[in-house]
Amino acid sequence: QLPLVESGGGLVQPGGSLRLSCTPSGFTLDNYVIAWFRQAPGQEREEVSCIARSGSWTRYGDSVKGRFTIFRDNPRNTADLEMNSLKPEDTGVYYCAAERVTRCQFARFDRLASWGQGTQVTVSS
């Protein structure tokens, strides 16, 4: 059992939408900063978005600003990424990560966070 499980990926045409969900195993997300990352074929992994522990502060990568929204659903104990106006360049494996800090700026996801196995997002032309 992985600490985090991503779901919601799939095949979508350009301009379409998908919602990804991040679900923990064995803990609650309310004490964690949560981030979404993606990795395209042949590319480095990049941060897509991050949300503070409180849910009141977010940040986004430049390439997704205005199109993606990250939010917490505390009753469901999930962290979701709503992706709109999808482009072929958004294709990749999407991962969520959780770290027990209060601010995204304090997180060291590569070294300290829990990760899932990822979910594939494919945007075809």
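You'll find the structure just up there.
Now for a quick tour of the structure. From a predicted model like this one, the values you see are computed outputs, not experimental measurements.

Rules and cut-offs
Residues numbered from 1 in each chain as written. Predicted model: local features only at pLDDT ≥ 70, side-chain atom pairs only at ≥ 80, totals over all residues. Heavy atoms only, no water. Pairing = 2+ DSSP bridges. Helix = DSSP H or I, 4+ residues; strand = E, 2+ residues; numbered from the N terminus. Buried < 20%, exposed > 50% of the residue type's maximum accessible area, 1.4 Å probe, protein only. Lys, Arg positive; Asp, Glu negative; His and termini not counted. Salt bridge = Lys/Arg side-chain N within 4 Å of Asp/Glu carboxyl O. Polar contact = N/O pair within 3.5 Å; in protein donor to acceptor, adjacent residues only side chain to side chain. Contact = heavy atoms within 4.5 Å.

## Here's the deal with the pairing of strand β5 (residues 46-51)
Direction of pairing for strand β4 (residues 33-39) relative to β5: antiparallel, over a ladder of five bridges. Residue pairing across strands places Ile34 opposite Ile51, the latter belonging to β5. A loop of six residues connects β4 with β5, the two strands running antiparallel in sequence, and Gly42 in this loop sits at a positive phi of about 75 degrees. Relative to strand β6 (residues 58-60), β5 runs antiparallel, the two being bridged by three bridges. Each bridged residue has a counterpart across the sheet, and for Ile51 the counterpart in β6 is Thr58.

## A closer look at the side chain of Arg72
Looking at the element boundaries, Arg72 is found in strand β7 (residues 68-73). Here Arg72 sits buried without a salt bridge, and the closest side chain of opposite charge, Asp30, lies 6.9 Å off (N-O distance). Within the local environment of Arg72, its side chain forms a polar contact with the backbone oxygen of Ala52, the two atoms lying 3.0 Å apart. In this structure Arg72 touches Leu29, Asp30, Tyr32, Val33, Ile34, Ile51, Ala52, Arg53, Gly55, Thr78 and Ala79, once residues within four positions along its chain are discounted.

## Describing the environment of Ala107
By the element assignment, Ala107 lies in the loop between β9 (92-99) and α1 (109-112). Here Ala107 falls in the buried class, since its relative accessible area comes to 10%. Once the C-alpha coordinates of Ala107 and Pro41 are considered, the two residues, 66 residues apart in sequence, prove to be 25 Å apart.

## Points about the environment of Gly92
Inspection of the secondary structure assignment puts Gly92 in strand β9. When the C-alpha atoms of Gly92 and Thr119 are compared, they prove to be 8.5 Å apart, with 27 residues separating the residues in sequence. Those residues within four positions of Gly92 in sequence are excluded, and the remaining contacts are Gln39, Ala40, Thr119, Gln120 and Val121.

## Observations regarding the pairing of β4
Residues in a regular strand point their side chains to alternate faces of the sheet. β4 sits mainly inside the fold: six of its seven residues count as buried. Here β4 runs beside β9; their pairing, made up of seven bridges, is antiparallel. Counted as the bridge partner of Phe37 is Tyr95 from β9.

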